[in-house]
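Structural description and commentary
Each chain is listed here by its residues.
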Amino acid sequence: MRVPLSWLREYVDLPATETGRDVQAKLISAGLEVETVEPLGADLKGPLVVGQVLTIEELTEFKKPIRFCTVAVGTANGTGEPQEIVCGARNFAVGDKVVVVLPGAVLPGNFAIAARKTYGKTSHGMICSGDELGMGDDGSGGIIVLPPEVEVGTDAIELLQLVDEVLDIAVTPDRGYALSMRGVARETAIAYGLPLRDPALLDVPAPNAFGYPVQVSDPMGCDRFTARTVTGLDPDAHSPIWLRRRLQKAGMRPISLAVDITNYVMLELGQPLHAYDRSRVQGTIGVRRAEQGEKLTTLDGVKRTLNAEDLVITDDRGPIGLAGVMGGANTEIDDTEGTTTEVVVEAAHFDAISIARTARRHKLASEASKRFERGVDPQAASAAAQRTVDLLVLLAGGTADAGVTEVIAPSAPHSITIPANHPDKVAGVDYGRETVVRRLQQVGCDVYGQDELIVTVPSWRPDLTDPNDLAEEVIRLEGYENLPSTLPKPPAGLGLTDRQRLHRRVGRALAGAGYVESPNYPFMGEQVLDQFGLADDDPNRKVVKLVNPLSDEEPALRTTLLPGLLQALRRNDGRGSHDLALFETGLVFHPRAELRIAGRLPVDRRPTDEEIASLTAALPVQPRHAAVVLAGAREQAGWWGKGRPADWADAIEAARILAREAGTELLVRSGQYGPWHPGRCAELSVVVDDTQRVVGHAGELHPRVLKALGLPARTCAMELDLDALEEASSGHPKGPKISTFPVATQDVALVVDKAVPHADVEAALREGAGELLESIRLFDEYESEQLGGDRKSLAYALRFRADDRTLTVDEASAARDAAVALATERTGAVLRGA
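Numbers given to residues run from 1 along each chain, matching the order in which its sequence is written. Only residues with pLDDT of at least 70 are given local features in this predicted model, and only at 80 or more are side-chain atom pairs given and counted; all residues enter the totals for whole chains, interfaces and linings. With hydrogens and water excluded, all non-hydrogen atoms of the structure serve as input to the side-chain values.

Moving on, we get to the overall build of the protein. By definition, any uninterrupted DSSP run of H or I lasting at least four residues is a helix, any uninterrupted run of E lasting at least two residues is a strand, and each is numbered from the N terminus. Helix and strand counts for the protein stand at 21 helices and 42 strands. C-alpha atoms define the radius of gyration in this analysis, and the globule rule sets the expected value at 2.2 Å times the number of residues to the power 0.38. On C-alpha atoms alone, the protein measures out to a radius of gyration of 39 Å, which is more than a quarter above the 28 Å that the 2.2 N^0.38 rule sets for 834 residues. If one aligns the C-alpha atoms of the protein with their principal axes, the spans along those axes are about 125 × 80 × 60 Å. Three exposure classes are used, based on accessible area relative to the maximum for each residue type with a 1.4 Å probe and protein chains only: buried under 20%, partly exposed in between, and exposed over 50%. Burial statistics for the protein: of 834 residues in total, 47% are counted as buried.

For the rest of this paragraph, the subject is helix 4 (residues 181-192). A helix is expected to span 1.5 Å multiplied by its residue count minus one. Taking 1.5 Å per residue, 12 residues should reach 16 Å; helix 4 reaches 16 Å between its end C-alpha atoms and fits that length. The buried fraction of helix 4 amounts to 11 of the 12 residues, a majority that puts the element mostly inside the structure. Among all positions of helix 4, only Met181, Arg182, Gly183, Val184, Ala185, Arg186, Glu187, Thr188, Ala189, Ile190 and Tyr192 are buried.

Now for the packing of helix 20 (residues 758-769) against helix 21 (residues 809-827). Throughout, an axis means a line fitted to C-alpha atoms (over the contacting stretch in the case of helices), and angles, computed between N-to-C directions, take values from 0 to 180 degrees. Their axes nearest at 7 Å, the elements helix 20 and helix 21 cross at an angle of 140°. Between helix 20 and helix 21, the angle falls in the class oblique. In this structure, helix 20 meets helix 21 at a crossing whose hand is right-handed. Of the residues in helix 21, those in contact with Asp760, Val761, Ala764, Leu765, Glu767, Gly768 and Ala769 of helix 20 are Ala815, Ala818, Ala819, Val820, Leu822, Ala823, Arg826 and Thr827. In this classification, the charged set is Asp, Glu, Lys and Arg, the nonpolar set is Ala, Val, Leu, Ile, Met, Phe, Trp, Tyr, Cys and Pro, and all remaining amino acids, among them Gly, are polar. For the contact of helix 20 with helix 21, the per-class residue count stands at 10 nonpolar, two polar and three charged. When describing relative orientation, an angle under 35 degrees is termed roughly parallel and one over 145 degrees roughly antiparallel, while 65 to 115 degrees is termed roughly perpendicular and anything else oblique. Handedness of a crossing follows from how the near helix is turned relative to the far one, being left-handed for an anticlockwise turn of less than a right angle and right-handed for a clockwise one. By the convention used here, residues are in contact when the closest approach between their heavy atoms is within 4.5 Å.

With that out of the way, let us pick up the sheet that holds strand 2 (residues 33-40). By the convention used here, strands pair only if DSSP detects at least 2 bridges between them. Here three strands make up an open sheet; going across it, the order is 1-13-2 and the pairing antiparallel. The open sheet has two free edges, formed respectively by strand 1 (2-4) and strand 2, since each of these has just one partner strand. In this sheet, adjacent strand axes meet at a mean angle of 25° when their direction is disregarded. By the bridge criterion, three bridges tie strand 1 to strand 13 (residues 164-170) in an arrangement that is antiparallel.

A word on helix 20. A turn of α-helix holds 3.6 residues, and therefore any two residues three or four places apart point the same way. In this model helix 20 runs 16 Å from its N-terminal to its C-terminal C-alpha over 12 residues, within 8% of the 16 Å that 1.5 Å per residue would give. Along helix 20, the residues classified as buried are Ala759, Val761, Glu762, Ala764, Leu765, Gly768 and Ala769. As for helix 20, its buried residues are in contact with strand 35 (667-670), strand 39 (744-753), strand 40 (773-782), strand 41 (791-800) and helix 21. One or two residues past the end of helix 20 sits Gly770, with phi positive at roughly 80°.

Once that is clear, we can look at the sheet that holds strand 16 (residues 274-277). Overall, antiparallel pairing links the four strands, which are arranged 16-23-15-24 in an open sheet. Of all the strands in the sheet, just strand 16 and strand 24 (399-408) have a single pairing partner and so form its edges. Recorded for the sheet is a direction-independent mean angle of 20° between the axes of neighbouring strands. Alignment of strand 15 (residues 222-231) against strand 23 (residues 343-350), held across eight bridges, turns out to be antiparallel. Bridge pairing in strand 23 places Arg228 opposite Val345.

Turning our attention to the packing of aromatic side chains. When the centres of two rings from Phe, Tyr and Trp lie within 6.5 Å, Trp using its six-membered ring, the rings pair. Their planes under 30 degrees apart give stacked, over 60 give edge-to-face, and anything left gives tilted. Going through the model one piece at a time under the given rule, you end up with seven aromatic pairs. Consider the rings of Trp242 and Tyr264, whose centres lie 5.5 Å apart with planes at 80°: the pair is edge-to-face. Placement of Trp242 in helix 5 (residues 241-249) and of Tyr264 in helix 6 (residues 257-269) is noted, with a sequence separation of 22 residues between them. On the basis of relative accessible area, Tyr264 is assigned to the buried category, the value being 1%.

Among the structural elements, Asp260 can be located in helix 6. Residues counted as positive are Lys and Arg, residues counted as negative are Asp and Glu, and His and the chain ends are not counted. Take a side-chain nitrogen of Lys or Arg and a carboxyl oxygen of Asp or Glu: if they are within 4 Å of each other, that pair is a salt bridge. One buried charged side chain, Asp260, makes no salt bridge at all; its nearest oppositely charged neighbour is Arg244, positioned 6.4 Å away. Reaching out from Asp260, the side chain makes a polar contact with the backbone nitrogen of Ile255 at a distance of 2.7 Å. Not counting the four nearest positions on each side in its chain, Asp260 is found in contact with Ser239, Leu243, Leu247, Arg253, Pro254 and Ile255. Residues adjacent in sequence count toward polar contacts only when both atoms are side-chain atoms; beyond that, a polar contact is any pair of N or O atoms within 3.5 Å, and within protein one must be able to donate a hydrogen and the other to accept it.

In the sheet, strand 39 pairs with strand 41 via 10 bridges, with the strands oriented antiparallel. For Asp753, the partnering residue across the bridge sits in strand 41 and is Arg791. With two bridges joining them, strand 39 and strand 42 (residues 830-831) adopt antiparallel strand pairing. Following the sheet pairing, Leu750 is matched in strand 42 by Leu831.

Where side chains of opposite charge bring their charged atoms close, a pairing between them can arise. Considering all chains together, one arrives at 53 salt bridges under this definition. Here Glu38 and Arg2 are joined by a salt bridge, their closest N and O atoms 3.0 Å apart. Linking Glu38 in strand 2 with Arg2 in strand 1, this pair joins segments that are 36 residues apart in sequence. Classification of Arg2 as partly exposed rests on a relative accessible area of 22%. Between Glu58 and Arg90 there is a salt bridge, with its nearest N and O atoms 3.2 Å apart. Highlighted residues: Glu58 in strand 3 (residues 48-59) and Arg90 in the loop between strand 5 (83-87) and strand 6 (97-101), separated in sequence by 32 residues. For Glu58, a relative accessible area of 36% corresponds to the partly exposed category.

See the structure below:
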């Protein structure tokens, strides 16, 4: 919101010595974000006067049209003689009043003006455009042509209000009242302790049966609709200079008198308005929800397909405006033809959520929607309509129709009960009841009661909904800088939870293994699940969608960590980093089978365990996952060796690292899932309550996935469920026992069917070997025609050791034979060579 200081002074009698910087400091102290103070005309120096064009000589011997003009400037040039000026613009004629800058003046940008010879003539000054004076775009695109009643020789700096200061305020979503001069003036009056001249305090006639007919079919979407009619408008009337200049300083472009007046009143009171050409409105004005697929061409010339949730303004033909967002082209006031002599003024109050969703749905943010979605004062509609009517009568010579239409849905003011000392407790400062009541009354509240206050909030503050909002008003007006700085006294904690410890250990372990952590946003688009090739009934396809996502392309919460990690890998690979090993640990989100609504937790005490459990039950299921992605070289080549590329085995080893940190055994077998290559995918499992549970997958990604996502060839990935690993673990990892007795090594080669997984054979050997087995390692896999086309040989190294003695050869052999026997029983394994 851009606030000209000269305009602000109309509502608050600020001391003459107060500058924009002074007002900025006061408003910031009161809680408004005043980002900048822009000085207008600070480097402007006269003489800059009103002149009248006497003669125009066309110079045709040049490549572009040039005019040699004589301009009367009165006594401003010291002689009273006409001023000779060369000008290239063509939007003025003999007799027009223009703005003339004379030699010796300085224009914005430190542009000094002097007499100079150009195009064979001597130009004594310039005829100015708005851009040259720092006025911005006035819609004319050329020289400023002033009204004929302005006297020659008048000081144009004062006439055009070129010297001013403009405060640029960043209005937060809960402070919609500050998107108006009225709201900012109220905050300024409170900050300075001065009275406010409220521009909304107008005499408004009572509604009657003679107004323009209006039918509101959706009172929830539109709880107030005021319509006024003005007739007899002068179609040739133009916006006066003061009106155009205030709009320009506020960042709006003057368009036409009727439109400029509605924009001016919106800036003044915060109430968006719309003016319809009465001759182009057919029948009753209505407010309803759109029919699905209805069409409307808005003022920007775009033909829009409406949604059933859109709120529209209609007449007997159908939609004539997108309520609270933008009017329709079929009832536009067209000043290019100068035929509009009667207008219907609309001042309505629409549901904030409905307008916000419509504006986003159609990607059509407007000054009106920006205000409605932040909350507009419903009580200001009648005053805004009256103010608009008054200005149309004053500036366009119109006549206010006696009819006044008001459609109002009954509503009661919002009241809040608050202990008088509640702000004291929140701030830790003893304000006292008198201060609390005074500050609440300053923001417009009605306050009754002694120890327990009943506060009725003003209609322009829909953000005040509970006691803490009222406490915040007291605290900010008393000054955040006056709050004491006290260190909190936290109670002794219980340390990290097991889940937190595992999370930290996993991060350290992966970093130690050469991976780089790459946190990503927890959002994704569902199209990536199609690119992953997930089945239609895959649980990961059931996503939690955000009502108001940061990006329309990623409206869902992630069900897997891979999309973000693979995007980071692609981005880094595209920027020249080809050898990559990235990891991330974080939450994924799955919807619950039963949808619950979360309750509001208290802020004056710690929530109970039941309240926390109820809140948790309303949230999505959020397991913590860990994932890695690899591409390029895993070991660099150099004088020490050839190096090697990352492959599926590295992804599986990353999973084993996590299992070791969790203190659990990871079962690895061939698998097939989603984005992984069916022949190079490992299924990762753990045993929970004697039942194998799949916790993730690892391996090389499918070529189709690599192509769809633009990833390097042979990219590998791993993802598993850390919470499931923790559940399967036996507690904190225990340090290994170090025996002083020697190890006994036994090798065994088993022939099994090709379809038998190595993991099943290893599990049988491990169980059969018993407690003496220290470790087992597969060191060779062999296939040949001698074994048979459907058979393979798996060779294992078994290490046996006892804690209390040196094992004999017979003990080690017996343990090996027991392991082989169980493997034979379970998998059909046969000792090779037997």
